[in-house]
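Spelled out, the chains give:
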Amino acid sequence: MLSARTLLIRGMVVGAIAGVVAYLFATLFGEGPISDAIAFEEAHAAALPAGEHEHEVVSRTVQSTIGLATASIIYGIALGGLYGIAVAIAAGRVGRLSARATAGLVALGGFVGVALVPFLKYPANPPATGNPDTLQQRTGLYFLMIVIGVAAVLGAVLVGRSLQPRLGTWNASTVALVGAAVLVGAILYVLPAVNEVPDGFSPILLWRFRLASLGTQAVTWATLGLLFGYLTERSQRRQPVPAVQPVAA
Amino acid sequence: MATISAAPTPATVPVAIPLRQILPWAAFGAVLAVVLLYFVGTEQGITSVVSGETVHEFVHDGRHLLGFPCH
């Protein structure tokens, strides 16, 4: 018998591990583009008077090591907790899937809703490519896009589930997914575009950075889905058939 | 990926947890997650709880790579 408490805690622990994996990936693939972007930023910034240095609150070394690790791990813990709750709700409610398959599917849905859909419209931007004056608007649009992405995934699952008895699993899933994709596509088309990348910024650098960013998200969600599923299946095997269900507090 | 078999054993399909049991944990987890995500993602961007730039600068690289809009 699964319990919400166990799944929440497991989600946060696995999330921390996913954060470590994401940190390693980001260090390997993301730090290079970030350094190059900062070099571009500094080369194009107004020159400071001789002898003066820009005031650095946190050094680049700290930002690219402890700072990045802290951000990835805290992000992983937060995401993992929400993910654990999502698995607790989905387990036994979506098709006839095992807990492990449900965990994988929820992670896939999470990646699409939280990372991929927002990325399609408002992809991650390296340093030097954002206008501080539009930050408020960009932040609002970005979170709106996450809400739309998550709503589309949830909507597809609910519609698919309700169509399943009449259409069968494959047809119901296809109709639900195509419907969600068309709806999201229309929204992507309508929402305002944001493009503040300055002239002269290397397109290859932009591509490398965005790929690294999407990869970091993919690695986070893949670790969540696979490790959480494995641990859940293992814990179920340990207690094969509960004779009496313990009364939950 | 689930193993595809003609007759899935019913024992592998977990019993759904009643929503009433999930609710308190969901509320607790969601509040905690929102606070954590706020500090990683947007603190000292358009809103600030802690004054200065230290939080923003500390998580700077992560904020960019995780896709949050940043300066």
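Residues numbered from 1 in each chain as written. Chains lettered and ligands numbered in written order. Predicted model: local features only at pLDDT ≥ 70, side-chain atom pairs only at ≥ 80, totals over all residues.

An unreviewed UniProt entry lists chain B under the name CbtB-domain containing protein, with Micromonospora thermarum as the source organism.

An unreviewed UniProt entry annotates chain A as CbtA family protein of Micromonospora thermarum.

Things to note about the overall build of chain A
A tally of helices and strands in chain A yields six helices and zero strands. Listing each helix as α and each strand as β along chain A from the N terminus yields α-α-α-α-α-α. Over its C-alpha atoms, taken along the principal directions, chain A stretches across nearly 80 × 40 × 30 Å. Among the 249 residues that make up chain A, the fraction classed as buried is 39%. Nonlocal contacts in chain A, meaning residues at least 24 apart in sequence, comprise 85% of its contacts between residues at least 6 apart. (Helix = DSSP H or I, 4+ residues; strand = E, 2+ residues; numbered from the N terminus. Buried ≥ 20, exposed ≤ 12 C-beta atoms within 10 Å, placed from the backbone. Contact = placed C-beta atoms within 7 Å.)

Thoughts on unusual backbone geometry
At Ala-128 of chain A, a position not held by glycine, the phi torsion is positive, near 80 degrees. Looking at where Ala-128 of chain A falls in the secondary structure, it is placed in the loop between α3 (99-121) and α4 (135-167). Unlike most non-glycine residues, Gln-44 of chain B shows phi in positive territory, near 60 degrees.

Observations regarding the UniProt feature "transmembrane region" (unreviewed entry) in chain A
UniProt records the feature "transmembrane region" (unreviewed entry) for residues 7-26, 66-89, 101-120, 140-160, 172-191 and 211-231 of chain A in the present numbering. The span residues 140-160 of chain A is 100% helix and 0% strand, and its two end C-alpha atoms sit 30 Å from each other. (UniProt positions renumbered as here; feature names shortened; annotations may be inferred.)

Side note on the interface of chain A and chain B
Chain A puts 55 residues into the contact, and the matching count from chain B is 40 residues. The set of elements that each furnish at least two residues to the side of chain A that touches chain B consists of α1 (4-44), α2 (60-90), α3, α4 and α6 (203-238) of chain A. Partitioned by chemical class, the residues of the side of chain A that touches chain B number 33 nonpolar, 17 polar and five charged. (Nonpolar A, V, L, I, M, F, W, Y, C, P; charged D, E, K, R; others polar.)

Some details on the nonpolar core
Formed by 75 residues in total, the largest nonpolar core has its most connected members in Val-87 and Ala-88 of chain A. Those elements that place two or more of their residues in this core are α1, α2, α3, α4, α5 (169-190) and α6 of chain A together with α1 (19-41) and α2 (54-58) of chain B. By residue number, the principal contributor to this core is α2 of chain A, which donates 15 residues. Not counting residues up to four positions away in its chain, the partners in contact with Val-87 of chain A are Leu-7, Thr-102, Ala-103, Val-106 and Phe-228 of chain A. (Core = buried A, V, L, I, M, F, W, Y, C linked by C-beta atoms within 7 Å.)

Overview of the UniProt feature "transmembrane region" (unreviewed entry) in chain B
UniProt marks residues 22-41 of chain B with the feature "transmembrane region" (unreviewed entry), using the numbering shown here. For residues 22-41 of chain B, the end-to-end C-alpha separation is 27 Å, with 100% helix and 0% strand making up the annotated structure.

Regarding the environment of Thr-134 of chain A
Its location among the elements puts Thr-134 of chain A in the loop between α3 and α4. Sequence-wise, Thr-134 of chain A and Tyr-83 of chain A are 51 residues apart; in three dimensions their C-alpha atoms are separated by 31 Å.

Re α1 of chain B
Given 3.6 residues per helical turn, the α-helix brings residues three or four places apart onto the same face. Maximum bend of α1 of chain B: about 25 degrees, positioned at Trp-25 of chain B. Within α1 of chain B, burial applies to Ile-22, Trp-25, Ala-26, Gly-29, Ala-33, Leu-36, Phe-39, Val-40 and Gly-41 of chain B. The inward-facing, buried residues of α1 of chain B contact α1 and α2 of chain A together with α2 and α3 (60-65) of chain B. (Bend = angle between axes of the 7 residues up to and from the residue.)

Observations regarding the packing of α1 of chain A against α2 of chain A
All names here are of chain A. For the pair α1 and α2, interaxial distance at closest approach is 6 Å and the crossing angle is 145 degrees. In this structure, α1 meets α2 at a crossing whose hand is right-handed. Of the residues belonging to the contact of α1 with α2, the class tally is 21 nonpolar, ten polar and two charged. (Axes fitted to C-alpha atoms, helices over the stretch in contact; angles between N-to-C directions. Left-handed = near helix turned anticlockwise from the far one by under 90°.)

Re the packing of α3 of chain A against α4 of chain A
All names here are of chain A. Two elements in contact, α3 and α4, have axes whose closest approach is 8 Å; the angle formed by their N-to-C orientations is 135 degrees. Of the possible angle classes, the one that applies to α3 and α4 is oblique. Like other packed secondary-structure pairs, α3 and α4 cross with a definite hand, here right-handed. Packed against α3, whose contacting residues are Gly-109, Val-112, Gly-113, Val-114, Val-117, Pro-118 and Lys-121, the element α4 presents Tyr-142, Met-145, Ile-146, Ile-148, Gly-149, Val-150, Ala-152 and Val-153 at the interface. Class assignment for the residues of the contact of α3 with α4 results in eleven nonpolar, three polar and one charged. (Parallel < 35°, antiparallel > 145°, perpendicular 65-115°, else oblique.)

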